[in-house]
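# Secondary and tertiary structure notes
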Amino acid sequence: MNLDVIANIKKTKTWLLIILSVLIAGYIKFKSIYSIPVPLWSTKAFILFLEILIVIFVVDTIVIIAFSYIRKNVLYLKHKAEEAEELINETRFLSEKLEKQTKFLKDKLNEITTLNKIIYEINQTFELERVLKIILESICSYLKYDRAIIFLFDKENDRLIPSIGYNIEKSELKQLTLSLSDKESVVVKNFVKNVPVIIKKLSDKEQKMPYFKDLKEDNTLICVPLQTKDKNVGLLLADTSISKRKLTEKDLRSISNFAIQTSLAICNAQLFETERLFKEKLQHEVDLAVKKLQEAQKQLIQSEKLAALGEMAAVVTHEVRNPLSTIYMSAQVLNKTITQNDELKKYINYIISETERLNKVVTDILSFSREPQLVLTKSNINNLIEELISFLEISDFIKYDVKCFRKYDEQIPELLLDKDQIKQTLLNIIQNACHFMENRPVRQLVVETKKENSNCVIKISDTGIGIPPENMNKIFEPFFTTKTRGTGLGLSISKNIVEAHGGKITVESVFGEGTTFIITLPIKIEFS
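None of the values given here were measured: they were computed from a predicted structure.

To continue, consider the pattern of salt bridges. Per the counting criterion, the structure on display carries 14 salt bridges. The salt bridge partner of Asp214 is Arg147, with a shortest N-O separation of 3.3 Å. Here Asp214 is found in the loop between helix 6 (204–207) and strand 5 (221–227), whereas its partner Arg147 is found in strand 1 (residues 147–154), with 67 residues between them in sequence. Here Glu393 ties to Arg406 by a salt bridge, and the two come within 3.0 Å at their closest N and O atoms.

Written out as C-alpha coordinates, the structure reads:
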(Lines give C-alpha, C1' and ligand atoms only; values in the text may rest on other atoms or scores of the structure.)
Protein backbone atom coordinates (compact mmCIF):
# COMPACT_ATOMS: atom_id res chain seq x y z
CA MET A 1 0.00 0.00 0.00
CA ASN A 2 2.80 2.51 0.82
CA LEU A 3 4.39 1.85 -2.57
CA ASP A 4 1.09 2.82 -4.27
CA VAL A 5 1.05 6.20 -2.44
CA ILE A 6 4.63 6.97 -3.48
CA ALA A 7 3.83 6.03 -7.06
CA ASN A 8 0.78 8.38 -7.01
CA ILE A 9 2.93 11.30 -5.81
CA LYS A 10 5.44 10.67 -8.62
CA LYS A 11 2.59 10.52 -11.13
CA THR A 12 1.15 13.82 -9.80
CA LYS A 13 4.53 15.51 -10.16
CA THR A 14 4.88 14.27 -13.73
CA TRP A 15 1.36 15.31 -14.75
CA LEU A 16 1.89 18.73 -13.16
CA LEU A 17 4.93 19.36 -15.37
CA ILE A 18 3.08 18.07 -18.42
CA ILE A 19 0.04 20.30 -17.79
CA LEU A 20 2.20 23.41 -17.24
CA SER A 21 4.19 22.68 -20.39
CA VAL A 22 0.99 22.13 -22.40
CA LEU A 23 -0.58 25.36 -21.11
CA ILE A 24 2.47 27.52 -21.87
CA ALA A 25 2.93 25.91 -25.30
CA GLY A 26 -0.79 26.33 -26.04
CA TYR A 27 -0.82 29.93 -25.03
CA ILE A 28 2.17 30.78 -27.23
CA LYS A 29 0.67 28.89 -30.20
CA PHE A 30 -2.72 30.51 -29.69
CA LYS A 31 -1.15 33.95 -29.60
CA SER A 32 0.82 33.38 -32.78
CA ILE A 33 -2.16 32.05 -34.76
CA TYR A 34 -4.84 34.42 -33.61
CA SER A 35 -4.15 38.10 -33.48
CA ILE A 36 -6.16 39.28 -30.53
CA PRO A 37 -6.90 42.99 -30.77
CA VAL A 38 -5.22 44.94 -28.06
CA PRO A 39 -7.17 47.74 -26.46
CA LEU A 40 -5.88 51.24 -27.11
CA TRP A 41 -5.54 52.01 -23.45
CA SER A 42 -3.16 49.04 -22.85
CA THR A 43 0.54 49.12 -23.37
CA LYS A 44 2.90 46.23 -24.15
CA ALA A 45 4.16 46.25 -20.60
CA PHE A 46 0.66 46.03 -19.24
CA ILE A 47 -0.16 43.17 -21.61
CA LEU A 48 3.00 41.33 -20.55
CA PHE A 49 2.14 41.91 -16.91
CA LEU A 50 -1.37 40.65 -17.48
CA GLU A 51 -0.12 37.51 -19.22
CA ILE A 52 2.32 36.81 -16.42
CA LEU A 53 -0.45 37.31 -13.88
CA ILE A 54 -2.73 34.91 -15.71
CA VAL A 55 0.08 32.34 -15.97
CA ILE A 56 0.83 32.73 -12.24
CA PHE A 57 -2.85 32.31 -11.40
CA VAL A 58 -3.23 29.24 -13.53
CA VAL A 59 0.02 27.72 -12.25
CA ASP A 60 -0.86 28.54 -8.63
CA THR A 61 -4.27 26.97 -9.07
CA ILE A 62 -2.76 23.90 -10.57
CA VAL A 63 -0.04 23.74 -7.85
CA ILE A 64 -2.64 24.16 -5.10
CA ILE A 65 -4.70 21.33 -6.56
CA ALA A 66 -1.60 19.18 -7.04
CA PHE A 67 -0.21 19.81 -3.56
CA SER A 68 -3.62 19.19 -2.04
CA TYR A 69 -3.62 15.81 -3.70
CA ILE A 70 0.00 15.22 -2.65
CA ARG A 71 -0.77 16.22 0.96
CA LYS A 72 -3.68 13.79 1.02
CA ASN A 73 -1.42 11.00 -0.18
CA VAL A 74 1.33 11.99 2.26
CA LEU A 75 -1.14 11.89 5.16
CA TYR A 76 -2.38 8.53 3.96
CA LEU A 77 1.23 7.35 3.69
CA LYS A 78 1.97 8.57 7.26
CA HIS A 79 -1.11 6.77 8.55
CA LYS A 80 -0.06 3.58 6.83
CA ALA A 81 3.48 3.98 8.19
CA GLU A 82 2.04 4.22 11.70
CA GLU A 83 -0.08 1.14 11.05
CA ALA A 84 3.02 -0.63 9.71
CA GLU A 85 5.00 0.29 12.82
CA GLU A 86 2.19 -1.02 15.03
CA LEU A 87 2.08 -4.19 12.97
CA ILE A 88 5.85 -4.60 13.26
CA ASN A 89 5.65 -4.15 17.07
CA GLU A 90 2.79 -6.62 17.27
CA THR A 91 4.71 -9.07 15.08
CA ARG A 92 7.78 -8.68 17.29
CA PHE A 93 5.63 -9.29 20.39
CA LEU A 94 4.00 -12.35 18.83
CA SER A 95 7.42 -13.62 17.73
CA GLU A 96 8.78 -13.28 21.27
CA LYS A 97 5.64 -14.95 22.66
CA LEU A 98 5.94 -17.73 20.10
CA GLU A 99 9.61 -18.20 21.02
CA LYS A 100 8.70 -18.46 24.71
CA GLN A 101 5.89 -20.90 23.94
CA THR A 102 8.22 -22.95 21.75
CA LYS A 103 10.83 -23.05 24.50
CA PHE A 104 8.16 -23.98 27.06
CA LEU A 105 6.79 -26.76 24.84
CA LYS A 106 10.30 -28.00 24.12
CA ASP A 107 11.08 -28.11 27.86
CA LYS A 108 7.76 -29.86 28.48
CA LEU A 109 8.48 -32.38 25.74
CA ASN A 110 11.92 -33.08 27.21
CA GLU A 111 10.35 -33.43 30.64
CA ILE A 112 7.70 -35.87 29.36
CA THR A 113 10.30 -37.81 27.37
CA THR A 114 12.49 -38.06 30.45
CA LEU A 115 9.52 -39.12 32.57
CA ASN A 116 8.55 -41.79 30.03
CA LYS A 117 12.12 -43.14 30.01
CA ILE A 118 12.13 -43.35 33.81
CA ILE A 119 8.67 -44.98 33.93
CA TYR A 120 9.74 -47.50 31.28
CA GLU A 121 12.83 -48.46 33.27
CA ILE A 122 10.85 -48.68 36.53
CA ASN A 123 8.24 -50.96 34.96
CA GLN A 124 10.87 -53.51 33.93
CA THR A 125 10.71 -55.15 37.37
CA PHE A 126 8.46 -55.51 40.44
CA GLU A 127 11.25 -56.30 42.88
CA LEU A 128 11.17 -53.51 45.47
CA GLU A 129 14.93 -53.10 45.95
CA ARG A 130 15.50 -53.08 42.18
CA VAL A 131 12.68 -50.54 41.63
CA LEU A 132 14.14 -48.18 44.25
CA LYS A 133 17.60 -48.47 42.71
CA ILE A 134 16.27 -47.67 39.21
CA ILE A 135 14.33 -44.67 40.56
CA LEU A 136 17.42 -43.10 42.15
CA GLU A 137 19.66 -43.82 39.18
CA SER A 138 17.06 -42.28 36.83
CA ILE A 139 16.63 -39.15 38.95
CA CYS A 140 20.36 -38.48 39.13
CA SER A 141 20.94 -39.36 35.47
CA TYR A 142 18.01 -37.64 33.74
CA LEU A 143 17.20 -34.81 36.16
CA LYS A 144 20.87 -33.98 36.90
CA TYR A 145 21.11 -34.53 40.67
CA ASP A 146 24.32 -35.53 42.46
CA ARG A 147 22.89 -37.54 45.34
CA ALA A 148 19.50 -38.92 46.31
CA ILE A 149 17.78 -40.91 49.09
CA ILE A 150 14.42 -42.67 49.29
CA PHE A 151 12.86 -43.00 52.75
CA LEU A 152 10.00 -45.49 53.24
CA PHE A 153 7.30 -44.64 55.76
CA ASP A 154 7.07 -47.01 58.74
CA LYS A 155 3.50 -46.47 59.87
CA GLU A 156 3.72 -48.74 62.93
CA ASN A 157 6.66 -46.85 64.45
CA ASP A 158 5.75 -43.46 62.93
CA ARG A 159 9.12 -42.84 61.30
CA LEU A 160 10.92 -42.52 57.95
CA ILE A 161 13.46 -45.27 57.31
CA PRO A 162 16.22 -44.69 54.71
CA SER A 163 15.81 -47.57 52.29
CA ILE A 164 18.36 -46.84 49.56
CA GLY A 165 20.75 -44.08 48.56
CA TYR A 166 22.67 -42.96 45.47
CA ASN A 167 26.29 -41.77 45.95
CA ILE A 168 25.87 -42.20 49.72
CA GLU A 169 27.77 -44.59 52.00
CA LYS A 170 25.67 -47.35 53.58
CA SER A 171 27.12 -46.52 57.00
CA GLU A 172 25.78 -42.96 56.65
CA LEU A 173 22.44 -44.15 55.34
CA LYS A 174 21.77 -46.25 58.46
CA GLN A 175 22.08 -43.16 60.66
CA LEU A 176 19.39 -41.15 58.84
CA THR A 177 16.21 -42.62 60.34
CA LEU A 178 13.82 -39.68 60.95
CA SER A 179 11.11 -39.79 63.63
CA LEU A 180 7.88 -37.90 62.91
CA SER A 181 7.88 -36.82 66.56
CA ASP A 182 10.89 -34.56 65.80
CA LYS A 183 9.04 -31.24 65.44
CA GLU A 184 12.24 -29.30 64.72
CA SER A 185 13.17 -31.31 61.62
CA VAL A 186 12.58 -29.30 58.44
CA VAL A 187 12.43 -32.50 56.38
CA VAL A 188 9.82 -34.04 58.70
CA LYS A 189 7.72 -30.85 58.61
CA ASN A 190 7.58 -30.93 54.81
CA PHE A 191 6.70 -34.62 54.82
CA VAL A 192 3.82 -33.99 57.22
CA LYS A 193 2.62 -31.02 55.12
CA ASN A 194 2.94 -33.17 51.98
CA VAL A 195 4.37 -30.26 49.98
CA PRO A 196 7.35 -30.55 47.59
CA VAL A 197 9.83 -27.80 48.43
CA ILE A 198 13.40 -26.58 47.87
CA ILE A 199 14.87 -26.45 51.37
CA LYS A 200 16.84 -23.31 52.03
CA LYS A 201 17.88 -23.93 55.64
CA LEU A 202 17.98 -27.10 57.76
CA SER A 203 17.55 -27.34 61.53
CA ASP A 204 20.64 -27.26 63.75
CA LYS A 205 20.22 -30.96 64.52
CA GLU A 206 19.93 -31.89 60.85
CA GLN A 207 23.03 -29.89 59.94
CA LYS A 208 25.08 -32.19 62.19
CA MET A 209 23.68 -35.41 60.73
CA PRO A 210 25.46 -37.47 58.06
CA TYR A 211 24.48 -36.54 54.49
CA PHE A 212 22.94 -33.19 55.56
CA LYS A 213 26.24 -31.84 56.88
CA ASP A 214 27.69 -31.98 53.33
CA LEU A 215 25.13 -29.43 52.10
CA LYS A 216 27.20 -26.22 52.29
CA GLU A 217 25.19 -24.14 49.78
CA ASP A 218 21.61 -22.85 49.97
CA ASN A 219 18.99 -24.00 47.46
CA THR A 220 20.77 -27.27 46.68
CA LEU A 221 18.40 -29.71 48.49
CA ILE A 222 14.95 -30.67 47.29
CA CYS A 223 12.38 -32.53 49.42
CA VAL A 224 9.46 -34.37 47.76
CA PRO A 225 6.91 -36.40 49.79
CA LEU A 226 5.86 -39.64 48.07
CA GLN A 227 2.14 -40.25 48.38
CA THR A 228 -0.67 -41.98 46.53
CA LYS A 229 -4.34 -41.13 46.78
CA ASP A 230 -4.82 -42.76 50.19
CA LYS A 231 -1.37 -43.76 51.44
CA ASN A 232 1.87 -42.16 52.62
CA VAL A 233 4.61 -44.04 50.80
CA GLY A 234 7.76 -42.22 51.86
CA LEU A 235 10.04 -39.31 51.04
CA LEU A 236 12.49 -38.43 48.28
CA LEU A 237 15.53 -36.21 48.95
CA ALA A 238 17.82 -35.10 46.11
CA ASP A 239 20.62 -32.55 46.06
CA THR A 240 23.23 -30.81 43.90
CA SER A 241 25.86 -30.50 46.64
CA ILE A 242 28.71 -31.58 44.33
CA SER A 243 27.91 -29.51 41.22
CA LYS A 244 26.67 -26.56 43.40
CA ARG A 245 23.84 -25.99 40.88
CA LYS A 246 21.09 -23.80 42.32
CA LEU A 247 17.69 -25.44 42.18
CA THR A 248 14.76 -23.60 40.62
CA GLU A 249 10.99 -23.93 40.34
CA LYS A 250 11.52 -25.81 37.09
CA ASP A 251 13.51 -28.49 39.00
CA LEU A 252 10.77 -28.64 41.62
CA ARG A 253 8.07 -29.07 38.97
CA SER A 254 9.97 -31.80 37.12
CA ILE A 255 10.74 -33.89 40.19
CA SER A 256 7.19 -33.38 41.53
CA ASN A 257 5.72 -34.83 38.33
CA PHE A 258 8.14 -37.70 38.59
CA ALA A 259 7.24 -38.28 42.28
CA ILE A 260 3.68 -39.32 41.38
CA GLN A 261 4.90 -42.18 39.19
CA THR A 262 7.55 -43.04 41.77
CA SER A 263 4.92 -43.41 44.50
CA LEU A 264 2.80 -45.69 42.32
CA ALA A 265 5.81 -47.79 41.33
CA ILE A 266 6.86 -48.25 44.97
CA CYS A 267 3.30 -49.18 45.98
CA ASN A 268 3.09 -51.74 43.19
CA ALA A 269 6.46 -53.21 44.17
CA GLN A 270 5.41 -53.36 47.84
CA LEU A 271 2.17 -55.12 46.89
CA PHE A 272 4.12 -57.56 44.72
CA GLU A 273 6.59 -58.16 47.57
CA THR A 274 3.73 -58.72 50.04
CA GLU A 275 2.06 -61.14 47.64
CA ARG A 276 5.34 -62.99 47.06
CA LEU A 277 6.01 -63.30 50.80
CA PHE A 278 2.42 -64.41 51.37
CA LYS A 279 2.75 -67.08 48.67
CA GLU A 280 6.06 -68.26 50.10
CA LYS A 281 4.61 -68.39 53.61
CA LEU A 282 1.50 -70.16 52.36
CA GLN A 283 3.61 -72.62 50.37
CA HIS A 284 5.81 -73.21 53.43
CA GLU A 285 2.74 -73.84 55.58
CA VAL A 286 1.27 -76.16 52.93
CA ASP A 287 4.58 -78.06 52.67
CA LEU A 288 4.75 -78.24 56.47
CA ALA A 289 1.16 -79.49 56.66
CA VAL A 290 1.84 -82.08 53.94
CA LYS A 291 5.00 -83.16 55.75
CA LYS A 292 3.14 -83.46 59.04
CA LEU A 293 0.37 -85.35 57.29
CA GLN A 294 2.89 -87.71 55.72
CA GLU A 295 4.61 -88.19 59.06
CA ALA A 296 1.27 -88.79 60.76
CA GLN A 297 0.35 -91.25 58.02
CA LYS A 298 3.72 -92.92 58.39
CA GLN A 299 3.31 -93.08 62.16
CA LEU A 300 -0.19 -94.44 61.71
CA ILE A 301 1.08 -97.14 59.37
CA GLN A 302 3.94 -97.83 61.78
CA SER A 303 1.51 -97.99 64.69
CA GLU A 304 -0.69 -100.39 62.74
CA LYS A 305 2.38 -102.47 61.92
CA LEU A 306 3.47 -102.43 65.55
CA ALA A 307 -0.02 -103.37 66.68
CA ALA A 308 -0.08 -106.23 64.20
CA LEU A 309 3.42 -107.23 65.29
CA GLY A 310 2.35 -107.07 68.93
CA GLU A 311 -0.53 -109.42 68.25
CA MET A 312 1.69 -111.65 66.14
CA ALA A 313 4.38 -111.55 68.81
CA ALA A 314 1.90 -112.83 71.39
CA VAL A 315 0.89 -115.62 69.03
CA VAL A 316 4.52 -116.36 68.22
CA THR A 317 5.44 -116.45 71.89
CA HIS A 318 2.75 -118.98 72.76
CA GLU A 319 2.31 -120.88 69.52
CA VAL A 320 5.82 -120.90 68.02
CA ARG A 321 8.46 -120.31 70.67
CA ASN A 322 7.18 -123.03 73.02
CA PRO A 323 7.23 -125.75 70.30
CA LEU A 324 10.60 -124.45 69.15
CA SER A 325 11.96 -124.87 72.67
CA THR A 326 10.65 -128.42 72.76
CA ILE A 327 12.14 -129.22 69.34
CA TYR A 328 15.47 -127.63 70.34
CA MET A 329 15.71 -129.53 73.66
CA SER A 330 14.71 -132.81 71.98
CA ALA A 331 17.33 -132.32 69.26
CA GLN A 332 19.97 -131.61 71.94
CA VAL A 333 19.05 -134.84 73.77
CA LEU A 334 19.19 -136.84 70.52
CA ASN A 335 22.54 -135.22 69.67
CA LYS A 336 24.01 -136.46 72.94
CA THR A 337 22.64 -140.00 72.68
CA ILE A 338 23.92 -140.89 69.22
CA THR A 339 27.51 -141.43 68.25
CA GLN A 340 29.59 -138.98 66.26
CA ASN A 341 29.77 -141.31 63.25
CA ASP A 342 26.06 -141.84 63.03
CA GLU A 343 24.53 -140.57 59.78
CA LEU A 344 21.66 -139.00 61.74
CA LYS A 345 24.14 -136.65 63.45
CA LYS A 346 24.16 -134.35 60.39
CA TYR A 347 20.36 -134.03 60.31
CA ILE A 348 20.15 -133.41 64.04
CA ASN A 349 22.66 -130.52 63.62
CA TYR A 350 20.44 -129.10 60.85
CA ILE A 351 17.49 -129.21 63.23
CA ILE A 352 19.49 -127.46 65.98
CA SER A 353 20.87 -124.66 63.69
CA GLU A 354 17.50 -123.96 62.03
CA THR A 355 15.79 -123.95 65.41
CA GLU A 356 18.34 -121.38 66.63
CA ARG A 357 17.70 -119.27 63.50
CA LEU A 358 13.93 -119.40 63.99
CA ASN A 359 14.39 -118.50 67.64
CA LYS A 360 16.42 -115.41 66.56
CA VAL A 361 13.62 -114.40 64.18
CA VAL A 362 11.12 -114.67 67.02
CA THR A 363 13.44 -112.67 69.28
CA ASP A 364 13.79 -109.91 66.63
CA ILE A 365 10.03 -109.66 66.18
CA LEU A 366 9.49 -109.44 69.94
CA SER A 367 12.26 -106.80 70.27
CA PHE A 368 10.82 -104.64 67.51
CA SER A 369 7.22 -104.84 68.72
CA ARG A 370 7.95 -103.26 72.09
CA GLU A 371 9.83 -100.22 73.34
CA PRO A 372 13.39 -100.95 74.46
CA GLN A 373 13.59 -101.24 78.24
CA LEU A 374 17.00 -99.89 79.25
CA VAL A 375 19.06 -100.98 82.20
CA LEU A 376 21.61 -98.18 82.44
CA THR A 377 25.04 -98.65 83.97
CA LYS A 378 28.27 -96.68 83.75
CA SER A 379 30.29 -98.23 80.93
CA ASN A 380 33.52 -97.57 79.07
CA ILE A 381 32.49 -97.58 75.42
CA ASN A 382 36.00 -98.43 74.20
CA ASN A 383 36.14 -101.52 76.44
CA LEU A 384 32.64 -102.57 75.38
CA ILE A 385 33.59 -102.38 71.66
CA GLU A 386 36.86 -104.20 72.30
CA GLU A 387 35.00 -107.08 74.02
CA LEU A 388 32.67 -107.38 71.03
CA ILE A 389 35.53 -107.28 68.49
CA SER A 390 37.47 -109.93 70.48
CA PHE A 391 34.45 -112.24 70.11
CA LEU A 392 34.10 -111.48 66.37
CA GLU A 393 37.81 -112.12 65.75
CA ILE A 394 37.25 -115.81 66.50
CA SER A 395 33.96 -116.02 64.58
CA ASP A 396 32.73 -113.68 61.81
CA PHE A 397 36.10 -112.07 61.02
CA ILE A 398 37.58 -115.53 60.37
CA LYS A 399 34.51 -116.66 58.41
CA TYR A 400 34.60 -113.62 56.07
CA ASP A 401 38.39 -113.04 56.22
CA VAL A 402 37.95 -109.45 57.50
CA LYS A 403 40.72 -107.27 58.93
CA CYS A 404 39.58 -104.94 61.68
CA PHE A 405 41.29 -101.65 62.64
CA ARG A 406 40.47 -99.68 65.81
CA LYS A 407 40.85 -95.97 66.58
CA TYR A 408 39.80 -95.25 70.15
CA ASP A 409 39.58 -91.82 71.78
CA GLU A 410 40.78 -92.31 75.35
CA GLN A 411 39.30 -88.93 76.39
CA ILE A 412 35.76 -90.31 76.28
CA PRO A 413 34.39 -90.60 79.85
CA GLU A 414 32.17 -93.45 81.02
CA LEU A 415 28.67 -93.37 79.53
CA LEU A 416 25.31 -94.38 80.96
CA LEU A 417 24.39 -97.30 78.70
CA ASP A 418 22.46 -100.48 78.52
CA LYS A 419 25.55 -102.56 77.70
CA ASP A 420 23.71 -105.54 76.25
CA GLN A 421 21.47 -103.52 73.94
CA ILE A 422 24.31 -101.25 72.70
CA LYS A 423 26.39 -104.40 72.11
CA GLN A 424 23.45 -105.87 70.13
CA THR A 425 23.28 -102.68 68.01
CA LEU A 426 27.01 -102.76 67.23
CA LEU A 427 26.85 -106.50 66.51
CA ASN A 428 24.00 -106.01 64.00
CA ILE A 429 25.95 -103.33 62.11
CA ILE A 430 29.29 -105.17 62.10
CA GLN A 431 27.75 -108.52 61.05
CA ASN A 432 25.94 -106.74 58.18
CA ALA A 433 29.26 -105.15 57.16
CA CYS A 434 30.99 -108.55 57.15
CA HIS A 435 28.17 -110.07 55.08
CA PHE A 436 28.36 -107.34 52.40
CA MET A 437 32.19 -107.54 52.20
CA GLU A 438 31.99 -111.19 51.14
CA ASN A 439 33.71 -111.70 47.77
CA ARG A 440 35.16 -108.18 47.86
CA PRO A 441 38.89 -107.85 46.91
CA VAL A 442 39.58 -105.75 50.03
CA ARG A 443 37.76 -106.62 53.26
CA GLN A 444 38.56 -104.06 55.93
CA LEU A 445 36.55 -102.82 58.88
CA VAL A 446 37.43 -99.61 60.76
CA VAL A 447 35.86 -98.91 64.17
CA GLU A 448 36.50 -95.40 65.51
CA THR A 449 35.37 -93.58 68.63
CA LYS A 450 35.63 -89.84 69.16
CA LYS A 451 34.48 -87.22 71.66
CA GLU A 452 32.70 -84.31 69.97
CA ASN A 453 31.46 -81.62 72.35
CA SER A 454 29.07 -83.40 74.75
CA ASN A 455 28.64 -86.47 72.53
CA CYS A 456 30.40 -89.74 71.90
CA VAL A 457 30.57 -90.60 68.19
CA ILE A 458 31.09 -94.18 66.99
CA LYS A 459 31.94 -94.71 63.33
CA ILE A 460 31.89 -98.18 61.71
CA SER A 461 33.26 -98.16 58.14
CA ASP A 462 33.52 -101.08 55.70
CA THR A 463 34.77 -101.69 52.15
CA GLY A 464 31.63 -103.52 51.07
CA ILE A 465 29.49 -103.01 48.01
CA GLY A 466 27.83 -99.91 49.45
CA ILE A 467 24.16 -98.96 49.45
CA PRO A 468 22.37 -97.99 46.20
CA PRO A 469 21.10 -94.37 46.33
CA GLU A 470 17.48 -95.47 45.92
CA ASN A 471 17.75 -97.58 49.10
CA MET A 472 19.35 -94.95 51.36
CA ASN A 473 15.99 -93.82 52.79
CA LYS A 474 14.71 -97.37 53.29
CA ILE A 475 17.44 -99.15 55.26
CA PHE A 476 15.95 -98.29 58.69
CA GLU A 477 12.41 -99.28 57.66
CA PRO A 478 11.15 -102.49 59.30
CA PHE A 479 11.27 -105.63 57.16
CA PHE A 480 13.41 -103.99 54.48
CA THR A 481 16.32 -106.22 53.50
CA THR A 482 18.45 -107.04 50.47
CA LYS A 483 19.78 -110.26 52.00
CA THR A 484 18.40 -113.61 50.91
CA ARG A 485 17.89 -114.59 54.53
CA GLY A 486 16.83 -112.32 57.38
CA THR A 487 13.85 -110.48 58.80
CA GLY A 488 14.91 -106.95 57.84
CA LEU A 489 14.45 -105.86 61.46
CA GLY A 490 18.10 -105.62 62.57
CA LEU A 491 18.72 -101.96 61.67
CA SER A 492 15.21 -100.92 62.79
CA ILE A 493 15.86 -102.46 66.21
CA SER A 494 19.30 -100.82 66.34
CA LYS A 495 17.76 -97.42 65.54
CA ASN A 496 15.17 -97.84 68.29
CA ILE A 497 17.86 -98.75 70.83
CA VAL A 498 20.09 -95.77 69.94
CA GLU A 499 17.17 -93.33 70.05
CA ALA A 500 16.06 -94.77 73.41
CA HIS A 501 19.51 -93.69 74.69
CA GLY A 502 18.82 -90.14 73.43
CA GLY A 503 21.17 -90.56 70.47
CA LYS A 504 20.87 -90.91 66.72
CA ILE A 505 22.17 -93.18 63.98
CA THR A 506 22.99 -92.05 60.42
CA VAL A 507 24.61 -93.63 57.40
CA GLU A 508 26.95 -92.47 54.60
CA SER A 509 27.61 -94.68 51.60
CA VAL A 510 29.22 -94.61 48.17
CA PHE A 511 27.83 -97.38 46.02
CA GLY A 512 30.63 -99.72 44.95
CA GLU A 513 33.11 -98.38 47.56
CA GLY A 514 31.73 -98.89 51.06
CA THR A 515 29.49 -97.71 53.88
CA THR A 516 29.92 -95.86 57.19
CA PHE A 517 27.40 -96.02 60.05
CA ILE A 518 27.64 -93.14 62.55
CA ILE A 519 26.20 -93.59 66.05
CA THR A 520 26.02 -90.47 68.23
CA LEU A 521 25.36 -90.97 71.96
CA PRO A 522 25.10 -88.21 74.59
CA ILE A 523 27.70 -88.25 77.35
CA LYS A 524 25.81 -88.55 80.65
CA ILE A 525 28.02 -88.34 83.76
CA GLU A 526 25.31 -88.87 86.37
CA PHE A 527 22.10 -90.87 86.48
CA SER A 528 19.09 -88.77 85.55
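After that view, the rundown keeps rolling.
Turning next to the side chain of Thr516. The residue Thr516 is located in strand 13 (residues 514–522) in this model. At 2.9 Å, the side chain of Thr516 forms a polar contact with the side chain of Ser461. Beyond its immediate chain neighbours, meaning those up to four positions away, Thr516 contacts Lys459, Ile460, Ser461, Thr506, Val507 and Glu508.

Moving on: the sheet that holds strand 1. Consider a sheet: its strands pair through backbone hydrogen bonds, and that pairing is either parallel or antiparallel. Read from one edge of the open sheet, six strands run 3-2-1-6-5-4, paired in antiparallel fashion. At either margin of the open sheet sits one strand with a lone partner, and together these are strand 3 (178–179) and strand 4 (197–199). As paired strands, strand 2 (residues 159–166) and strand 3 are joined by two bridges and run antiparallel to one another. Counted as the bridge partner of Arg159 is Ser179 from strand 3. Against the sheet, helix 5 (residues 186–193) engages strand 1, strand 2, strand 3, strand 4, strand 5 and strand 6 (232–239), with an angle of about 135° to strand 6.

For the rest of this paragraph, the subject is the nonpolar core. One finds Ile381, Phe397, Leu426, Leu445 and Ile458 to be the most contacted residues of the largest nonpolar core, which totals 39 residues. Of all hydrophobic cores here, the second largest spans 29 residues; its members include Tyr145, Leu247, Ile255 and Cys267.

Turning our attention to the pairing of strand 11 (residues 455–462). Of the pairings in the sheet, the one linking strand 10 (residues 444–452) to strand 11 comprises eight bridges and is antiparallel in character. By the bridge assignment, Glu448 is partnered in strand 11 with Lys459. Hairpin connection between strand 10 and strand 11: a loop of two residues separates the two successive antiparallel strands, and Asn453 in this loop has a positive phi of roughly 55°. As paired strands, strand 11 and strand 13 are joined by seven bridges and run antiparallel to one another. Among the inter-strand pairings, Ile458 is bridged to a residue of strand 13, identified as Ile519.

Moving on: the pairing of strand 10. Examined bridge by bridge, strand 8 (residues 403–407) and strand 10 share five bridges and lie parallel to one another. When the bridges of strand 10 are listed, Cys404 appears paired with Leu445.

For the pair helix 9 (residues 381–392) and helix 11 (residues 419–436), the least separation of the axes is 10 Å and the interaxial angle reads 50°. Accordingly, the angle class assigned to the pair helix 9 and helix 11 is oblique. Here helix 9 runs over helix 11; the crossing is right-handed. In this structure, helix 9 uses Ile381, Leu384, Ile385, Glu387, Leu388 and Leu392 to contact helix 11, whose residues at the interface are Lys419, Ile422, Lys423, Leu426, Leu427 and Ile430. Here the contact of helix 9 with helix 11 is composed, by residue class, of nine nonpolar, no polar and three charged.

So, about the sheet that holds strand 12 (residues 504–510). Read from one edge of the open sheet, five strands run 8-10-11-13-12, paired in mixed fashion. Taken across any chain shown, the strands that pair with only one partner, and hence form the sheet edges, are strand 8 and strand 12. Adjacent strand axes in the sheet meet at a mean angle of 15° when their direction is disregarded. Seen against the sheet, helix 9 touches strand 8, strand 10 and strand 11 and runs at an angle of roughly 170° to strand 10.

About the criteria used
Residues numbered from 1 in each chain as written. Predicted model: local features only at pLDDT ≥ 70, side-chain atom pairs only at ≥ 80, totals over all residues. Heavy atoms only, no water. Salt bridge = Lys/Arg side-chain N within 4 Å of Asp/Glu carboxyl O. Helix = DSSP H or I, 4+ residues; strand = E, 2+ residues; numbered from the N terminus. Polar contact = N/O pair within 3.5 Å; in protein donor to acceptor, adjacent residues only side chain to side chain. Contact = heavy atoms within 4.5 Å. Pairing = 2+ DSSP bridges. Axes fitted to C-alpha atoms, helices over the stretch in contact; angles between N-to-C directions. Core = buried A, V, L, I, M, F, W, Y, C linked by side-chain atoms within 4.5 Å. Buried < 20%, exposed > 50% of the residue type's maximum accessible area, 1.4 Å probe, protein only. Parallel < 35°, antiparallel > 145°, perpendicular 65-115°, else oblique. Left-handed = near helix turned anticlockwise from the far one by under 90°. Nonpolar A, V, L, I, M, F, W, Y, C, P; charged D, E, K, R; others polar.

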